[in-house]
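Below are the chains, spelled out letter by letter.
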Amino acid sequence: MNRRSTLGRYALAGVAVAALAAFALATSPEAALARLRWLATDPIRFGLAAVALAAVRPLLAWPTTLLAVAVGFAYGWVGTPFALALVVGTALPPYALARAGRLRLRDDPGTGEEPGVAARFCRAGERFAAESGSVRAVAGTRLLPLPSDAVTVGAAAAGVGTRSFLLGTAAGELPWVLCGVAVGVSLDRLAAGGGSLLDPTAILGMAAVGALLLAGPLYRTFLGPDPTASA
């Protein structure tokens, strides 16, 4: 009972980390930052709270970069590997759910009619992943300023394996994690001076790299000649 109560408190602390960080990023109030500082005074407590937040984040549909911001505020740049691990780990629950749904759809014998939208989406994703390579597809898509969970569901629907998904997610999310940690490290200064949270140039640069990685496979998959047409 005590253990369950302790886990519940850590889960609530994780939600508190997200709420305080989001509130601080949105309005930059000194009171919210003061509470976030108090939570960060105990590295172990803050780390457990961050893990709890990563576990519940998909249910709240909050951006994964928020994890990196919180870790950067508490640990500084040395917390970058931990932030990346949290961002990768928080993508696993929606990936597992979407993968289970895809397997169920694939195993469904159907009625012999034309495949539905979900089935066509999965097949298109499979062709794209096969054309570009699973790791490249996931990494390039994550570099784009798209909702993280949407990319996760797309990767699962495309049949990307767990290992390729983890590698691609780590590679594609690393620049976002670095940006988030940088914001966390500078959160006090940004709150005092009202500076920009993320440099738009960095976002455009990551999007450009992602577009370059995916342009060729996208063209060959969806606009190039159909390889089955001549069969």
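Above this note sits the structure.
All values reported here derive from a predicted model rather than from experimental measurement. (Residues numbered from 1 in each chain as written. Predicted model: local features only at pLDDT ≥ 70, side-chain atom pairs only at ≥ 80, totals over all residues. Heavy atoms only, no water.)

A.B. asks: Give a description of the pattern of salt bridges that names residues and reports values.
C.D. replies: Using the criterion set out here, one finds two salt bridges in the structure. When the shortest N-O distance is used, the salt bridge between Asp149 and Arg57 registers 2.8 Å. In this pair, Asp149 sits in helix α9 (residues 148-157) while Arg57 sits in helix α3 (residues 43-60), placing the two residues 92 residues apart along the sequence. Like Asp149, the residue Arg57 is buried in the burial classification. In this structure, the salt-bridge partner of Glu173 is Arg142, at a minimum N-O distance of 3.5 Å. (Salt bridge = Lys/Arg side-chain N within 4 Å of Asp/Glu carboxyl O. Helix = DSSP H or I, 4+ residues; strand = E, 2+ residues; numbered from the N terminus. Buried < 20%, exposed > 50% of the residue type's maximum accessible area, 1.4 Å probe, protein only.)

A.B. asks: Describe a nonpolar patch on the surface, listing the residues and the values that go with them.
C.D. replies: A contiguous nonpolar surface patch, about 350 Å² in accessible area, is contributed by Trp77, Leu174, Leu178 and Val185. Within the secondary structure layout, Leu174 lies in helix α10 (residues 162-185). Looking at Leu174, the relative accessible area reads 35%, which means it is partly exposed. (Patch = residues over 30% accessible without salt bridge, like charges linked within 9 Å, V, L, I, M, F, W, Y side chains within 5 Å. Areas by Shrake-Rupley, 256 points an atom, 1.4 Å probe, with all protein chains shown as cover.)

A.B. asks: Please provide a residue-by-residue account of the packing of helix α8 (residues 134-143) against α10, values included.
C.D. replies: At their nearest, the axes of α8 and α10 sit 7 Å apart, and the two run at 30° to each other. Classed by the angle they form, the pair α8 and α10 counts as roughly parallel. Crossing geometry of α8 relative to α10 is assigned as right-handed. Each of Ser134, Val135, Val138, Ala139, Arg142 and Leu143 in α8 lies in contact with α10, whose residues at this interface are Ser164, Phe165, Leu167, Gly168, Thr169, Ala171, Gly172, Glu173, Pro175 and Trp176. A per-class count over the contact of α8 with α10 returns nine nonpolar, five polar and two charged. (Axes fitted to C-alpha atoms, helices over the stretch in contact; angles between N-to-C directions. Parallel < 35°, antiparallel > 145°, perpendicular 65-115°, else oblique. Left-handed = near helix turned anticlockwise from the far one by under 90°. Contact = heavy atoms within 4.5 Å. Nonpolar A, V, L, I, M, F, W, Y, C, P; charged D, E, K, R; others polar.)

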